[in-house]
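# Structure assessment
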Amino acid sequence: MGHLRQQGYQITADANEADTVVVNTCGFIDSAKKESIEAILEAVRLKTDGTAKRLVVAGCLVERYRDELKAELPEVDAFIGTSQINDILTVCDPRTNTRALPLIPLGKQSATYLYDESTPRVLATPSYYAYLKIAEGCDRPCAFCFIPQMRGHFRSRRLGSIVAEAQQLAEEGVKELILVAQDSSRYGEDLGKQDALAHLLRELSHLDGIEWVRVMYTYPTHISDGFLDVLAEEPKAVKYLDLPLQHASQKILKLMKRGGSRASLERLIERVRQRVPGIAVRTTFITGFPGETESDFEELLTFVRQVEFDRLGVFTYSDEEGTPAYDLPHKVEPKIAKQRRARLMKEQSRISHRRHKSRVGETVRVLFEGESKESDLLWQGRMETQAPDIDGCVLINDAPEGLIPQPGDFVNVLIEEAHEYDLVGRIV
């Protein structure tokens, strides 16, 4: 979007208005692939029946199924993979015969694309928060995951480049930086830097204008004491840890090629909570992985009951061709995987509700976001322990007379009610 706007293209949020439609796809799991295909077919309709003259399909689905897509979708003018972002200007130019352009297969060696602070960008988020990618690619061998083939090997951005981009974002009014990568906790390792994520987090926490710095997608084997100390010591480094664990049964973790055991994970969570009092721990699990028995699932359920995560997401296993798990025996029926997911989410909703009830009567600092998505009679915002889109929010039902905060303002909210995923309160 940044490259296109710099070249004079106008960006519109309404696809019906566009001359050129770019569909950026995901190829991670079955549901994401279906959603991507539906979006492409919708864009094809815009081209055949609407005003669109050009259609470009980009991203991970192209990287994974380039030949099949090219054969099945003659209406698409160009396909570009994850390392071809700089080709966007060429493929959107109506004078180019883009069907004839070579599609560069990614392969481990050609995965070199890494944007930096000079790359133009358009904020697709609300003005007060931004995602900041600190690394690209992944070298983990997780048996269920196709990301290394789509994104290439792990490569970190230079610290100076990230800090420079963060300063630019702060000058544009961004208050919250959300650091993302396929594997954030390994940041800087490939550059020969020790504990680089801790150092980066500390640097970003000292920037003027930035109020919160949040890290997503950290890997359980790489949570250093240095990193936890920054979360504990720096007021702007939010007390929030996103730690996808995927399972707790040692047998399943081994089959997933992740290693560890329920005992080692319990020790990790205990260490995190001891070093960072008040931290919210978020995780995700997969139910129905090949070989998961009822006793493996019960172990996971017991683990969740004992650890009491603040936030929890559960996915049912998606059998992805080209991954090691695809060839594993003892597949679990999708119906059973769904039932297990429902049981886990039900258990978590009880835990979440209980933890939320303990906050009633507290006054919390909230990033104000504006009108609630639930009702135009309420406002909403987030505490530092709530990430946008994936966690709950704080619903605001009252404020002192005459006070009308703006999105991006920080307000103090007295919590008066607790629900499973949201809290309700009034500005004080």
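Residues numbered from 1 in each chain as written. Predicted model: local features only at pLDDT ≥ 70, side-chain atom pairs only at ≥ 80, totals over all residues. Heavy atoms only, no water.

### Some words on the sheet that holds strand S7 (residues 176-180)
Here we have 3 strands laid out as an open sheet, ordered S4-S7-S8, and parallel in their pairing. Only two strands of the sheet have a single partner each, and these edge strands are strand S4 (129-133) and strand S8 (212-215). In this sheet, adjacent strand axes meet at a mean angle of 25° when their direction is disregarded. Both S7 and S8 contribute to a ladder of 4 bridges, which runs parallel. From the neighbouring strand, Ile-178 faces S8, where its bridge partner is Arg-214. Packing of helix H7 (residues 159-171) onto the sheet brings it into contact with S4 and S7, and relative to S4 it is tilted by some 165°. Running over the sheet, helix H8 (residues 196-205) touches S7 and S8 and is turned about 160° from S8. (Pairing = 2+ DSSP bridges. Helix = DSSP H or I, 4+ residues; strand = E, 2+ residues; numbered from the N terminus. Axes fitted to C-alpha atoms, helices over the stretch in contact; angles between N-to-C directions. Contact = heavy atoms within 4.5 Å.)

### Examining the sheet that holds strand S3 (residues 78-80)
Taken together, the 3 strands give an open sheet; going across it, the order is S1-S2-S3, and neighbouring strands pair in parallel fashion. Strands with a single pairing partner mark the edges of an open sheet, and in this sheet they are strand S1 (20-25) and S3. Across the sheet, the mean angle separating the axes of adjacent strands is 20° when strand polarity is ignored. Across the face of the sheet, helix H2 (residues 30-49) comes into contact with S1 and strand S2 (54-59) while running at roughly 175° to S1. Strand contacts of helix H3 (residues 60-72): S1, S2 and S3, with the helix running at about 130° to S2, the strand carrying the most contacts.

### Let's talk about the packing of aromatic side chains
Taken as a whole and assessed by the stated rule, the structure comprises 9 aromatic pairs. One aromatic cluster is present, built from ring pairs that chain together Tyr-128, Tyr-129 and Tyr-131. A cation sits over an aromatic face here: Arg-140 above Tyr-219, 3.5 Å from the ring centre. Here the basic side chain of Arg-382 rests over the ring of Tyr-129, its NZ or CZ set 5.4 Å away from the ring centre. (Phe/Tyr/Trp six-rings, centres within 6.5 Å; stacked < 30°, edge-to-face > 60°. Lys NZ or Arg CZ within 6 Å of the ring centre and 35° of its normal.)

### A closer look at helix H11 (residues 262-275)
Under the 1.5 Å per step criterion, the end-to-end length of H11 is 20 Å for 14 residues, consistent within 8% with the ideal 20 Å. Among all positions of H11, only Leu-265, Leu-268, Ile-269 and Val-272 are buried. Here the buried residues of H11 occupy an arc of 95° about the axis, which is enough to place them on one side. Among the exposed residues of H11, those oriented more than 90 degrees off its buried face are Arg-267 and Gln-274. Buried residues along H11 sit in contact with helix H9 (225-233), strand S9 (240-242), helix H10 (250-255), strand S10 (280-287) and helix H12 (294-307). (Expected span 1.5 Å × (residues − 1). Buried < 20%, exposed > 50% of the residue type's maximum accessible area, 1.4 Å probe, protein only. Arc of directions from axis to C-beta.)

### Overview of the environment of Glu-203
With respect to the helices and strands, the residue Glu-203 is situated in helix H8. As a C-alpha pair, Glu-203 and Val-163 span 40 residues in sequence and 7.4 Å in three-dimensional space. Apart from residues no more than four positions distant in its own chain, Glu-203 is found in contact with Leu-159 and Val-163.

### Looking at the pairing of strand S12 (residues 363-371)
Pairing of S12 with strand S15 (residues 410-418) involves 5 bridges; the strand directions are antiparallel. Bridged to Val-364 within S15 is Val-413. Note: S12 against strand S13 (residues 379-382), 4 bridges, orientation antiparallel. Residue pairing for S13: Phe-368 is matched across the bridge by Gly-381.

### A look at the packing of H9 against H11
The relative placement of two packed helices comes down to the angle between their axes together with the axis-to-axis distance. Interaxial distance between H9 and H11 falls to 9 Å at its minimum, and their mutual angle equals 40°. Accordingly, the angle class assigned to the pair H9 and H11 is oblique. The two elements H9 and H11 meet at a crossing, and its hand is right-handed. Mapping the contact onto sequence places Asp-225, Leu-228, Asp-229 and Ala-232 in H9 and Arg-271, Val-272 and Arg-275 in H11. Among the residues making up the contact of H9 with H11, the classes are represented as 3 nonpolar, no polar and 4 charged. (Parallel < 35°, antiparallel > 145°, perpendicular 65-115°, else oblique. Left-handed = near helix turned anticlockwise from the far one by under 90°. Nonpolar A, V, L, I, M, F, W, Y, C, P; charged D, E, K, R; others polar.)

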